[in-house]
Amino acid sequence: MTDILISRDGPVGIITINRPQRLNAVAPETGSRINDALRGLEAEPEVRAIVLTGAGRGFCAGADISGEVGDAGVVLRDIWNPLITTMRNLDVPIVAAVNGVAAGAGVSLALACDLRVAAASARFQLSFTKIGLLPDAGLTWLLPRTVGLGRANELSLLARDLRAAEALQWGLVNELCEDGTTLDRATVMARVIAGQSSSVSAAKRAIQRALECSFSDQLHYEATTQAWLQEQPDFKESTAAFAEKRTPIRVPRTLR
């Protein structure tokens, strides 16, 4: 049995962390395989959205520390940082199906996705300061940009749990669903993304870029990218379909 399962639902790729006996805690080799799976699906032009979830009753319990921990800095630089960077930069939008607990770097995995669907019983745990560490795997960057500085401090400094209903109120997740339906609901959301034009990839990049640049710079980027998108087949097909009152025929993703 592999620790990573990859499947397809039409234009949606589904990656399942398959270590339920460890609440899907990620060993170094597992992290590398998730990274490879993401890049492999991105390379398939027919894949227009990806769902990331966990097997069993957990989403991801973070880094697997059941064996020898090793040098945390090396593990972060070699495994976790490349994985989170891939997720942030991936051309294909990712929907997290948080079917259970997300702890430590498992919260990073969820926040590195573009949208999050959580089961009603799911919870988010940041216990780093209880064990003498700080939030890592991109959490100190992702968390305040998702929930704001005050709430990021509350979660990190108090090492508190956040249950799904409160996570929805805070904007950490986009939608709640009944237990046992998380993957189905996240896949439906991913299908909606897949049904849009390929400009969703450009929208993802533009929104992420806006967190790091000036307003005037972003205006210039929007204008330049919009002019480029206007020349792509997907725009021409979409406008023709609108005029002809028909469903557009989606072309392979436009890369830039």
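Quantities reported herein were computed from a predicted structural model and do not represent experimental measurements.

Conventions used here
Residues numbered from 1 in each chain as written. Predicted model: local features only at pLDDT ≥ 70, side-chain atom pairs only at ≥ 80, totals over all residues. Heavy atoms only, no water. 1 Å grid on protein atoms, 1.4 Å probe; cavity = no way out; pocket = protein on both sides within 12 Å on 5 of 7 lines; lining within 4 Å. Points joined across faces, edges and corners; volume = space filled by probe spheres on them. Helix = DSSP H or I, 4+ residues; strand = E, 2+ residues; numbered from the N terminus. Domains from an automatic or database assignment. Buried area = accessible area lost by both parts, 1.4 Å probe. Salt bridge = Lys/Arg side-chain N within 4 Å of Asp/Glu carboxyl O. Polar contact = N/O pair within 3.5 Å; in protein donor to acceptor, adjacent residues only side chain to side chain. Buried < 20%, exposed > 50% of the residue type's maximum accessible area, 1.4 Å probe, protein only. Disulfide = S-S within 2.5 Å.

## Topic: the layout of surface pockets
Phase 1 of the analysis: The space that makes up the largest pocket amounts to roughly 740 Å³.
Phase 2 of the analysis: Taken together, 30 residues make up the lining of the largest pocket; nearest its centre are Gly62, Ala63, Asp64, Ile65 and Leu133.
Phase 3 of the analysis: For the lining of the largest pocket, the element with the highest residue contribution is helix H2 (residues 72-89), accounting for 5 residues.
Phase 4 of the analysis: Lining of the second largest pocket is provided by 20 residues; of these, Arg88, Cys113, Asp114, Ile207 and Gln208 occupy positions nearest its centre.
Phase 5 of the analysis: Of all the elements in the fold, those that place two or more residues in the lining of the second largest pocket are helix H3 (105-112), strand S7 (115-119), helix H4 (139-147) and helix H8 (199-210).
Phase 6 of the analysis: Tallying contributions element by element places H8 first for the lining of the second largest pocket, with 5 residues.

## Section: the domain arrangement of the chain
Phase 1 of the analysis: Along its sequence, the chain is carved into domain 1 (4-195) and domain 2 (198-244).
Phase 2 of the analysis: Just the C-alpha atoms count here: the centres of domain 1 and domain 2 sit 27 Å apart.
Phase 3 of the analysis: Both faces considered, domain 1 and domain 2 share a buried interface measuring about 810 Å² in area, 40% of it formed by carbon and sulfur atoms.
Phase 4 of the analysis: It is Arg48, Arg88 and Asp91 that lose the most area in domain 1 upon contact with domain 2, and together they represent 47% of the buried surface on that side.
Phase 5 of the analysis: The interface formed by domain 1 and domain 2 includes 3 salt bridges.
Phase 6 of the analysis: The salt bridge partner of Asp234 is Arg48, with a shortest N-O separation of 3.6 Å.
Phase 7 of the analysis: In this structure, the connection of domain 1 to domain 2 is made through 7 residue pairs in polar contact (both at pLDDT 80 or more).
Phase 8 of the analysis: Contributions of two or more residues to the side of domain 1 that touches domain 2 are made by H2 and H4.

## Overview of the pattern of salt bridges
Phase 1 of the analysis: What the rule picks out here adds up to 14 salt bridges.
Phase 2 of the analysis: Ionic pairing is found between Arg205 and Asp91, a salt bridge with its closest N-O pair at 2.6 Å. Pair noted here: Arg205 is in helix H8 and Asp91 is in the loop between H2 and strand S5 (94-98), with a separation of 114 residues, a long-range link.
Phase 3 of the analysis: Taking relative accessible area as the criterion, Arg205 reaches 22% and is therefore assigned partly exposed.
Phase 4 of the analysis: If you follow the salt bridges from partner to partner, you end up with Arg19, Arg22 and Asp64 in one network.

## Let's talk about the state of the cysteines
Phase 1 of the analysis: Counted according to the given criterion, the structure contains 0 disulfides.
Phase 2 of the analysis: In this structure Cys177 is a free cysteine whose sulfur lies 15 Å from that of Cys113, the closest cysteine sulfur available.
Phase 3 of the analysis: Judged by its relative accessible area of 11%, Cys177 falls in the buried class.

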